[in-house]
Amino acid sequence: MTATEQQRYQAQLDEKVERLTALLSPFNAPDLSVFPSQPTHYRMRAEFRVWHEGDDLFHIMFNQETKEKYRVDSFPPACKAINHAMGLLLEEVRPNEALRKKLFQIDYLSALSGELVISLLYHRQLDEKWEEAARELKATLENHFPKVNIIGRARKQKLIIDNDFVIERLPVNGKEFIFKHIENSFTQPNAEVNCSMIEWALDCVKPLSGDLLEMYCGAGNFSLPLALHFDNVVGTEIAKPSVQAAQFNIEQNQLNNVKIVRLAAEEFTQAMKGERTFSRLEGIDLSAYNFTTVLVDPPRAGLDEDSLRMIQDYDNIVYISCNPETLAQNLELLSETHNVAQSALFDQFPFTHHIEAGVLLTRKS
């Protein structure tokens, strides 16, 4: 990276630090810990529409302001494996009618190892000719990558050539954690900054003990590494593919102190209060746990009031947020009972307005 590019990156990061600092200032937050990103080749996921011109086709994206389409032959935010695959894939698809016909979107999911899932989306039903061509495509691409999985999607149709996931291996504090990342499911897009987020959370909980509750746990991105610190971890997640991936990840990482429950955050709040019973909690006695700490990583809308009231019962709250505005709104209530002990900015999305933030809240004495 040139000195000019470094200055440009630092300027956008400084602006984010200033913005997040201002949002957290009413809550007497300490100085931010700032975790920068690589300015290019950081995204492990990318989606493109496909534009056809006669027998030619290419990736396109749309300008968010003008809505005009523009051709994309390379995509600097995406990891090097995705950039490499983009050109190779279209070379194979262009002359192949079975692969090209009515293809309208291509999604890429990669792992740090270079393993790929490539999803091809169509405005037509897929047949045996497509499947045969997709297998040949997979074999050709695997001359360039450790492993390639191809998925064909059409209305009410999903054809999987090998797997619909990649196996990610994340290095966290010198230890490797194995995660199944399923296509079309949520995963943290910036793998290196994600590792920084996990390491920051581990640093936050270092002086803490007891059991951990995690809401919106996904496939166990935080639950599994933090299980090495806490006696027990219970995670809640509503998306069935993420819960299934989490169970696989628990087994692969040989952890015996983690349980994942398929409940929405609101449902788990009702279960904790004893307002409702759920068959999905069968065999799990929530009252037997010594929950001292809760970790939440909610969607952009933040937490609802009932969930906020529920997590106020815990001495320690680790709040990971993809929307600092709703984080600040939630802190208005949480700050009645807790202080902000640590705060962090994770630059998951360089050169965009998006900010990933983290705060550690501890109960006021």
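Here the residue numbering is sequential within each chain, running from 1 through the sequence in written order. In keeping with the predicted nature of the model, local features appear solely for residues at pLDDT of at least 70, side-chain atom pairs appear and are counted solely at 80 or more, and the whole-chain, interface and lining totals rest on all residues. Based on all heavy atoms of the structure, the side-chain values leave hydrogens and waters out of the count.

S.K.: Describe unusual backbone geometry, listing the residues and the values that go with them.
M.R.: In this structure, Lys-102 takes a positive phi of about 60° despite not being glycine. Secondary structure counts use DSSP, requiring at least four H or I residues in a row for a helix and at least two E residues in a row for a strand, with both numbered from the N terminus. Looking at where Lys-102 falls in the secondary structure, it is placed in the loop between helix H3 (97-100) and strand E5 (103-110). The buried label goes to any residue with under 20% of its type's maximum accessible area, the exposed label to any with over 50%, and the partly exposed label to all in between, with areas taken from a 1.4 Å probe on protein chains only. The exposure class of Lys-102 is partly exposed, given its relative accessible area of 48%. Within the chain, Lys-156 stands out as a residue other than glycine whose phi angle is a positive 55°. Mapping Lys-156 onto the fold places it in the loop between strand E7 (148-154) and strand E8 (157-161).

S.K.: Describe the domain arrangement of the protein, naming the residues involved and giving the relevant values.
M.R.: Each domain's limits were defined by an automated method or a database of domain assignments. Domains assigned within the protein are domain 1 (3-40 + 185-363) and domain 2 (45-167). Distance between the C-alpha centres of domain 1 and domain 2: 32 Å. Contacts are assigned to residue pairs with any non-hydrogen atoms lying within 4.5 Å of each other. Domain 1 puts six residues into the contact, and the matching count from domain 2 is five residues. Buried area: the accessible area, evaluated with a 1.4 Å probe, that two parts lose upon being put together, summed over both parts. In total, domain 1 and domain 2 occlude about 470 Å² of area from one another, counting both sides; carbon and sulfur atoms represent 65% of this. Its largest share of buried area at the contact with domain 2, domain 1 owes to Thr-40, Thr-187 and Pro-189, together 58% of the area lost on that side. Here a salt bridge means any side-chain nitrogen of Lys or Arg lying within 4 Å of a carboxyl oxygen belonging to Asp or Glu. Here domain 1 is connected to domain 2 by zero salt bridges.

S.K.: An account of the pairing of strand E3 (residues 56-62) is requested, with residue identities and associated values reported.
M.R.: The criterion for strand pairing is that DSSP finds at least two bridges linking the strands in question. Note: strand E2 (residues 45-53) against E3, five bridges, orientation antiparallel. In the sheet register, Glu-53 faces E3, and the bridge partner there is Asp-56. Here E2 hands over to E3 after two residues, with Gly-54 in that stretch at a positive phi of 60°. Judged from the three bridges that link them, E3 and strand E4 (residues 69-71) form a sheet pairing that is antiparallel. Counted as the bridge partner of Phe-62 is Lys-69 from E4. With antiparallel pairing between neighbouring strands as the criterion, E3 and E4 make up a hairpin whose turn holds six residues, including Lys-67 at a positive phi of roughly 70°.

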